Amino acid sequence: MSRIFSIENLTLLSLILAVFFGIYFPEIAQNIKIFGDVFLSLLKMIIVPLVFTSVFTAILNLESISKFKDLGLKAFLYYLTTTAMAVVTGLILVNLLMPGKGEKPDGLKTPEIPQAEEFSLERLILGLIPQNPFSSFAQGEVLQIIVFAIFIALAALTIDKFKQEIIKNFFEGFNDALIKLTKWVIVLTPIGVFALVSYLIAEAGVDILLSLWKYALTVVVGLLIHAFINLPLIAFIFGGYNPYKYFVQVREALLLAFSTASSAATLPVSIELAQEKGKVKKEVAGFVLPLGATINMDGTALYESIAAVYIANIYGIDLSISQMMVIFLTVTLASIGAAAIPGAGLILLTLVLGSVGIPLEGIGLIIAVDRFLDMVRTSINVWGDLNGAKIIDRFVK
Ligand code: ASP
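Report follows, based on the coordinates. (Residues numbered from 1 in each chain as written. Predicted model: local features only at pLDDT ≥ 70, side-chain atom pairs only at ≥ 80, totals over all residues. Heavy atoms only, no water.)

Let's shift gears to the nonpolar core. One recurring pattern in soluble globular proteins is that nonpolar side chains are buried together. Counting 125 residues, the largest nonpolar core has Ile 59, Tyr 215, Leu 349, Ile 358, Ile 366 and Leu 386 as its most contacted members. Sorting elements by how many residues they give to this core places helix H3 (residues 33–60) first, with 14 residues. If near-sequence neighbours (up to four positions away) are discounted, Ile 366 is found in contact with Leu 212, Tyr 215, Tyr 303, Ala 307, Tyr 310, Ile 311, Leu 346 and Leu 349. (Core = buried A, V, L, I, M, F, W, Y, C linked by side-chain atoms within 4.5 Å. Buried < 20%, exposed > 50% of the residue type's maximum accessible area, 1.4 Å probe, protein only. Helix = DSSP H or I, 4+ residues; strand = E, 2+ residues; numbered from the N terminus. Contact = heavy atoms within 4.5 Å.)

Structural data, given as structure tokens:
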């Protein structure tokens with residue numbers, strides 16, 4: 001019975017109702033937008049502290065600088081490479097297939113987008129360093145927050161063990177509470193979706209839904225390319241094993257990821273399978289997989305890059321190369337900060353959209369298919385982690 005009234009089913013139901021509501025009661029629909037805005041604000045409320053505590057505790061869990069140097073740096077290199085590949089795949093695909101392009105409904109206003117400044121390496125590097133971390137927190141500068149979290153966590157690894165435990169416990173507790181809060185906010189999804197979608201339909205008309213299938217297809221195709229071409233390529237070249245055979249060996253974890261839409265929930269099974277079937281050393285699996293579940297999300301990164309460009313297309317926004325660059329960077333880092341639970345990628349998407357000024361309301365549209373895409377992208381997240389463990393295992397004595 002409770003399965004029938006699950007959040008996913010209720011969200012689907014509220015989506016269907018919202019479409020009719022938006023068509024038949026447009027005036028009321030426009031007035032209840034506030035509920036959608038509250039929902040979006042609640043999501044945004046969580047981002048900054050969640051990103052900080054996730055990255056900070058992931059590094060502190062390494063327990064020593066030497067372990068960070070040995071395992072950590074290799075893992076980071078792998079994570080960054082594959083995540084960047086995923087985002088590039090997503091951006092190429094979405095620019096080729098152009099879902100939503102030219103489908104801007106008449107009712108929808110194209111917002112003024114502040115032009116991104118010309119790209120420069122100098123500005124990029126300087127922009128990563130928080131001159132005042134509190135102002136980075138206040139402004140929601142996630143890249144700077146991540147850099148700060150990494151630095152401070154590394155420093156914390158060198159201090160007195162007793163004091164180290166105190167801050168670790170504090171931030172771990174804080175992180176747990178934030179994840180709990182995220183789950184609570186996710187319970188409100190049906191209400192948020194109802195308000196956002198009925199508003200969107202009232203404003204833009206029902207045609208807007210028709211372009212959704214093309215968006216979902218673009219994401220799924222991108223995820224499949226990453227899973228069966230990009231990652232296997234890295235596995236063949238650097239790992240020296242047959243990734244397709246490994247895929248069959250660990251399929252249980254991938255199926256679990258698909259059905260739970262949570263890398264964290266899948267973690268115990270991935271660790272077990274990597275060791276048992278993949279013959280990955282215990283200490284490598286025990287480190288690379290939990291860290292990967294927290295910060296390595298290829299599927300999420302790929303999906304976010306496509307979602308951002310799709311929403312921009314729907315609003316009739318033409319993104320410049322510099323803006324694509326900003327999306328590339330924000331998505332790469334946002335996927336690091338996303339929690340390994342259902343719907344987390346969607347929360348971080350607000351940040352990606354905000355980084356180039358794409359209207360956050362666009363999220364109301366893609367929520368309709370988000371749970372399904374979440375299931376697929378989570379499997380790819382876990383598949384990326386499992387390959388990471390296997391490849392890094394080869395380079396660790
Ligand atoms: N559900 C994903 C995961 O747990 C995160 C996301 O929402 O993209 O890996």
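Considering all chains together, one arrives at 19 aromatic pairs under this definition. Following the ring pairs from residue to residue traces out a cluster consisting of Phe 52, Phe 56, Phe 137, Phe 148, Phe 170, Phe 171 and Phe 174. A cation over an aromatic ring shows up here: Lys 390 above the ring of Tyr 246, its NZ or CZ 5.6 Å from the ring centre. (Phe/Tyr/Trp six-rings, centres within 6.5 Å; stacked < 30°, edge-to-face > 60°. Lys NZ or Arg CZ within 6 Å of the ring centre and 35° of its normal.)

Taking 1.5 Å per residue, 14 residues should reach 20 Å; helix H14 (residues 282–295) reaches 20 Å between its end C-alpha atoms and fits that length. All of the buried residues in H14 are Val 284, Ala 285, Phe 287, Val 288, Leu 289, Leu 291, Gly 292, Ala 293 and Ile 295. The secondary structure elements touched by the buried residues of H14 are H3, helix H4 (65–97), helix H13 (263–276), helix H16 (321–337) and helix H19 (370–395). (Expected span 1.5 Å × (residues − 1).)

Attention shifts here to the packing of helix H10 (residues 212–239) against helix H15 (residues 298–314). Relative to each other, H10 and H15 sit at 145 degrees, their axes nearing to 10 Å. The crossing of H10 and H15 is right-handed. Residues Leu 212, Tyr 215, Thr 218, Val 219, Gly 222, Leu 223, His 226 and Leu 231 of H10 lie in contact with H15, whose contacting residues are Asp 298, Gly 299, Leu 302, Tyr 303, Ile 306, Ala 307 and Tyr 310. Within the contact of H10 with H15, the residues separate by chemical class into ten nonpolar, four polar and one charged. (Axes fitted to C-alpha atoms, helices over the stretch in contact; angles between N-to-C directions. Left-handed = near helix turned anticlockwise from the far one by under 90°. Nonpolar A, V, L, I, M, F, W, Y, C, P; charged D, E, K, R; others polar.)

Attention now moves to the pattern of salt bridges. In total, this model carries seven salt bridges according to the counting rule given. The shortest N-O distance in the salt bridge between Lys 33 and Asp 37 comes to 3.4 Å. Of the two residues, Lys 33 and Asp 37 both sit in helix H3, four residues apart, roughly one turn of that helix. With relative accessibility at 15%, the residue Lys 33 sits in the buried group. Taking relative accessible area as the criterion, Asp 37 reaches 26% and is therefore assigned partly exposed. (Salt bridge = Lys/Arg side-chain N within 4 Å of Asp/Glu carboxyl O.)

Our next topic: the site of the ligand. In the vicinity of the ligand, 16 residues are found, and the nearest of them are Ser 263, Thr 300, Gly 345, Asp 374 and Arg 377. Ala 261 places a main-chain nitrogen or oxygen 2.8 Å from a nitrogen atom of the ligand. Contact between the ligand and Asp 374: a nitrogen atom at 2.7 Å from a side-chain N or O atom of the residue. Against a free-state accessible area of 270 Å², the protein chains account for coverage of 100% of the ligand. (Near = heavy atom within 4 Å. Polar contact = N/O pair within 3.5 Å; in protein donor to acceptor, adjacent residues only side chain to side chain. Areas by Shrake-Rupley, 256 points an atom, 1.4 Å probe, with all protein chains shown as cover.)

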